[in-house]
Amino acid sequence: MIKYSLVCDKGHDFESWFASSAAFDKQAKRKLVTCPLCNSAKVEKAIMAPRLSSSKKRAEPVEAPAPASTPAPAASPAPVAMLSPQERELRSKLKELRDHLTKNADNVGPKFPEEARKMHYGEIEHRSIYGEASPNDAKALAEEGIEFHPLPILPDERN
(Lines give C-alpha, C1' and ligand atoms only; values in the text may rest on other atoms or scores of the structure.)
Protein backbone atom coordinates (compact mmCIF):
# COMPACT_ATOMS: atom_id res chain seq x y z
CA MET A 1 0.00 0.00 0.00
CA ILE A 2 1.16 3.54 -0.70
CA LYS A 3 -0.21 6.81 0.66
CA TYR A 4 -0.21 9.78 -1.68
CA SER A 5 -0.64 13.45 -0.90
CA LEU A 6 -3.02 14.69 -3.58
CA VAL A 7 -4.30 18.05 -4.78
CA CYS A 8 -7.33 18.86 -6.94
CA ASP A 9 -7.61 21.58 -9.59
CA LYS A 10 -9.27 23.84 -6.96
CA GLY A 11 -6.17 23.58 -4.73
CA HIS A 12 -7.64 21.29 -2.03
CA ASP A 13 -4.99 19.05 -0.45
CA PHE A 14 -5.88 15.54 0.77
CA GLU A 15 -4.38 12.08 1.16
CA SER A 16 -5.43 8.64 0.00
CA TRP A 17 -4.09 5.08 0.01
CA PHE A 18 -3.53 2.97 -3.10
CA ALA A 19 -2.30 -0.56 -3.69
CA SER A 20 0.49 0.78 -5.92
CA SER A 21 1.50 3.71 -8.08
CA ALA A 22 -0.08 1.92 -11.05
CA ALA A 23 -3.34 1.53 -9.10
CA PHE A 24 -3.44 5.31 -8.53
CA ASP A 25 -2.74 5.99 -12.22
CA LYS A 26 -5.46 3.56 -13.31
CA GLN A 27 -8.06 4.98 -10.90
CA ALA A 28 -7.17 8.61 -11.71
CA LYS A 29 -7.42 7.91 -15.46
CA ARG A 30 -10.92 6.42 -14.91
CA LYS A 31 -11.84 9.52 -12.82
CA LEU A 32 -12.36 7.35 -9.71
CA VAL A 33 -10.12 9.53 -7.53
CA THR A 34 -12.05 12.60 -6.44
CA CYS A 35 -11.50 15.47 -4.02
CA PRO A 36 -13.42 14.92 -0.75
CA LEU A 37 -14.18 18.66 -0.51
CA CYS A 38 -15.39 19.58 -4.00
CA ASN A 39 -15.72 16.17 -5.72
CA SER A 40 -13.42 17.25 -8.58
CA ALA A 41 -11.92 14.33 -10.49
CA LYS A 42 -9.05 16.54 -11.73
CA VAL A 43 -6.61 15.24 -9.14
CA GLU A 44 -2.84 14.89 -9.23
CA LYS A 45 -0.09 13.85 -6.87
CA ALA A 46 1.21 16.69 -4.71
CA ILE A 47 4.90 17.17 -4.10
CA MET A 48 5.91 14.97 -1.17
CA ALA A 49 9.08 14.87 0.88
CA PRO A 50 10.61 11.39 0.70
CA ARG A 51 10.93 9.37 3.87
CA LEU A 52 14.55 8.33 3.98
CA SER A 53 16.04 5.64 6.12
CA SER A 54 19.64 4.75 6.67
CA SER A 55 21.29 1.45 7.35
CA LYS A 56 23.62 3.22 9.78
CA LYS A 57 22.47 3.28 13.37
CA ARG A 58 22.48 6.71 14.87
CA ALA A 59 24.12 7.12 18.22
CA GLU A 60 21.63 7.86 20.95
CA PRO A 61 22.52 10.97 22.93
CA VAL A 62 23.72 10.10 26.38
CA GLU A 63 22.20 12.22 29.11
CA ALA A 64 23.90 12.84 32.41
CA PRO A 65 21.94 11.49 35.35
CA ALA A 66 19.76 14.12 36.99
CA PRO A 67 20.84 15.37 40.39
CA ALA A 68 18.91 13.78 43.25
CA SER A 69 17.15 17.06 44.03
CA THR A 70 15.67 17.40 40.53
CA PRO A 71 11.97 16.46 40.39
CA ALA A 72 10.89 13.73 37.97
CA PRO A 73 10.01 15.09 34.50
CA ALA A 74 6.35 15.63 33.66
CA ALA A 75 4.56 13.45 31.10
CA SER A 76 6.08 13.38 27.62
CA PRO A 77 5.09 16.32 25.45
CA ALA A 78 2.41 15.61 22.86
CA PRO A 79 2.35 16.98 19.29
CA VAL A 80 0.24 20.13 19.01
CA ALA A 81 -0.84 22.45 16.20
CA MET A 82 -2.76 25.63 15.62
CA LEU A 83 -5.27 25.13 12.83
CA SER A 84 -5.95 27.69 10.14
CA PRO A 85 -9.59 28.40 9.22
CA GLN A 86 -9.16 26.20 6.11
CA GLU A 87 -7.80 23.34 8.22
CA ARG A 88 -10.69 23.70 10.70
CA GLU A 89 -13.11 23.57 7.76
CA LEU A 90 -11.41 20.45 6.38
CA ARG A 91 -11.51 18.83 9.83
CA SER A 92 -15.21 19.68 10.07
CA LYS A 93 -15.86 18.15 6.62
CA LEU A 94 -13.94 14.99 7.57
CA LYS A 95 -16.02 14.70 10.76
CA GLU A 96 -19.22 15.19 8.72
CA LEU A 97 -18.09 12.48 6.29
CA ARG A 98 -17.27 10.04 9.09
CA ASP A 99 -20.55 10.78 10.91
CA HIS A 100 -22.55 10.37 7.68
CA LEU A 101 -20.86 7.07 6.82
CA THR A 102 -21.24 5.57 10.29
CA LYS A 103 -24.88 6.72 10.49
CA ASN A 104 -25.95 5.54 7.02
CA ALA A 105 -23.85 2.42 6.45
CA ASP A 106 -23.88 -1.02 8.05
CA ASN A 107 -21.03 -1.78 10.45
CA VAL A 108 -19.86 -5.25 9.46
CA GLY A 109 -16.85 -5.16 11.81
CA PRO A 110 -14.14 -7.71 11.00
CA LYS A 111 -16.27 -9.19 8.19
CA PHE A 112 -15.54 -6.13 6.00
CA PRO A 113 -13.20 -7.90 3.53
CA GLU A 114 -15.62 -10.81 3.13
CA GLU A 115 -18.68 -8.56 2.66
CA ALA A 116 -16.82 -6.25 0.24
CA ARG A 117 -15.82 -9.23 -1.91
CA LYS A 118 -19.37 -10.62 -1.97
CA MET A 119 -20.69 -7.25 -3.19
CA HIS A 120 -17.87 -6.81 -5.72
CA TYR A 121 -18.47 -10.24 -7.25
CA GLY A 122 -22.27 -9.84 -7.26
CA GLU A 123 -23.00 -12.49 -4.64
CA ILE A 124 -24.99 -10.01 -2.53
CA GLU A 125 -26.66 -6.67 -3.25
CA HIS A 126 -24.41 -3.61 -3.03
CA ARG A 127 -24.89 -1.44 0.05
CA SER A 128 -22.81 1.01 2.08
CA ILE A 129 -20.72 -0.76 4.69
CA TYR A 130 -17.83 -0.02 6.99
CA GLY A 131 -15.77 -2.18 9.29
CA GLU A 132 -12.26 -3.38 9.91
CA ALA A 133 -9.56 -4.75 7.62
CA SER A 134 -5.96 -5.66 8.35
CA PRO A 135 -3.26 -4.12 6.15
CA ASN A 136 -2.93 -7.50 4.38
CA ASP A 137 -6.70 -7.68 3.79
CA ALA A 138 -6.72 -4.11 2.47
CA LYS A 139 -3.84 -4.89 0.11
CA ALA A 140 -5.62 -8.01 -1.19
CA LEU A 141 -8.88 -6.09 -1.73
CA ALA A 142 -7.05 -3.37 -3.66
CA GLU A 143 -5.21 -5.96 -5.78
CA GLU A 144 -8.59 -7.48 -6.68
CA GLY A 145 -9.79 -4.05 -7.83
CA ILE A 146 -12.25 -3.65 -4.99
CA GLU A 147 -12.58 0.05 -4.24
CA PHE A 148 -12.70 1.13 -0.60
CA HIS A 149 -11.46 4.07 1.43
CA PRO A 150 -10.19 4.40 5.00
CA LEU A 151 -12.58 6.14 7.37
CA PRO A 152 -11.10 9.44 8.51
CA ILE A 153 -9.86 9.22 12.09
CA LEU A 154 -9.71 12.46 14.03
CA PRO A 155 -8.05 13.03 17.37
CA ASP A 156 -10.33 14.25 20.15
CA GLU A 157 -13.08 16.55 18.92
CA ARG A 158 -12.11 19.66 20.90
CA ASN A 159 -11.80 22.75 18.68
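Residues numbered from 1 in each chain as written. Predicted model: local features only at pLDDT ≥ 70, side-chain atom pairs only at ≥ 80, totals over all residues. Heavy atoms only, no water.

A. Up close: the sheet that holds strand E1 (residues 2-8). Ordered by their spatial adjacency, 3 strands build an open sheet running E2-E1-E3, and the pairing between neighbours is antiparallel. This sheet does not close on itself; its edge strands, each paired only once, are strand E2 (13-18) and strand E3 (43-45). Across this sheet, the average inter-strand angle for adjacent strands is 40 degrees, counted without regard to direction. The strands that helix H1 (residues 21-29) touches are E1, E2 and E3; relative to E1, the one it contacts most, it runs at about 30 degrees. (Pairing = 2+ DSSP bridges. Helix = DSSP H or I, 4+ residues; strand = E, 2+ residues; numbered from the N terminus. Axes fitted to C-alpha atoms, helices over the stretch in contact; angles between N-to-C directions. Contact = heavy atoms within 4.5 Å.)

B. The pattern of salt bridges, seen in detail. On inspection of all chains with the given rule, the structure shows 8 salt bridges. Here Asp-25 and Lys-45 are joined by a salt bridge, their closest N and O atoms 3.9 Å apart. Placement of Asp-25 in helix H1 and of Lys-45 in strand E3 is noted, with a sequence separation of 20 residues between them. Lys-45 sits in the partly exposed class, given a relative accessible area of 33%. A salt bridge links Lys-118 to Glu-115, with the shortest nitrogen-to-oxygen separation between them at 3.8 Å. One end of the pair, Lys-118, and the other, Glu-115, are both in helix H3 (residues 112-120), 3 residues apart, so they sit about a helical turn from each other. Each member of the salt-bridge network shares a partner with another, and the members are Asp-106, Glu-114, Glu-115, Lys-118 and Arg-127. (Salt bridge = Lys/Arg side-chain N within 4 Å of Asp/Glu carboxyl O. Buried < 20%, exposed > 50% of the residue type's maximum accessible area, 1.4 Å probe, protein only.)

C. Representation of the nonpolar core in the model. Ranked by size, the top nonpolar core spans 10 residues in total: Tyr-4, Leu-6, Cys-8, Phe-14, Phe-18, Phe-24, Ala-28, Val-33, Cys-35 and Val-43. Listing elements by their share of this core, those giving two or more residues are E1, E2 and H1. For this core, the element with the highest residue contribution is E1, accounting for 3 residues. Residue contacts for Val-43: discarding those within four places in its chain leaves Leu-6, Val-7, Cys-8, Phe-14, Val-33, Thr-34 and Cys-35. Residues Val-108, Met-119, Ile-129 and Ile-146 belong to the second largest nonpolar core, which totals 7 residues. (Core = buried A, V, L, I, M, F, W, Y, C linked by side-chain atoms within 4.5 Å.)

D. Expanded view of the environment of Ser-134. Structurally, the position occupied by Ser-134 is in the loop between strand E5 (129-131) and helix H4 (135-143). A sequence separation of 24 residues divides Ser-134 from Pro-110, and the C-alpha atoms of the two residues are 8.8 Å apart. Within the structure, the side chain of Ser-134 is placed 3.0 Å from the backbone nitrogen of Asp-137, a separation counted as a polar contact. (Polar contact = N/O pair within 3.5 Å; in protein donor to acceptor, adjacent residues only side chain to side chain.)

E. Expanded view of the pairing of E2. Residues Phe-14, Ser-16 and Phe-18 of E2 are buried on one face, while the alternating residues Asp-13, Glu-15 and Trp-17, pointing to the opposite face, are not. With 6 bridges connecting them, E1 and E2 associate as antiparallel partners. When the bridges of E2 are listed, Tyr-4 appears paired with Ser-16. Two successive antiparallel strands, E1 and E2, enclose a turn made up of 4 residues, where Gly-11 displays a positive phi of approximately 90 degrees.

F. Looking closely at the side chain of Ser-40. Structurally, Ser-40 is set in the loop between H1 and E3. Since its relative accessible area comes to 11%, Ser-40 is described here as buried. A polar contact is formed between the side chain of Ser-40 and the backbone nitrogen of Lys-42, at a distance of 3.1 Å. Those residues in contact with Ser-40, other than ones at most four positions away along the chain, are Cys-8, Asp-9, Val-33, Thr-34 and Cys-35.

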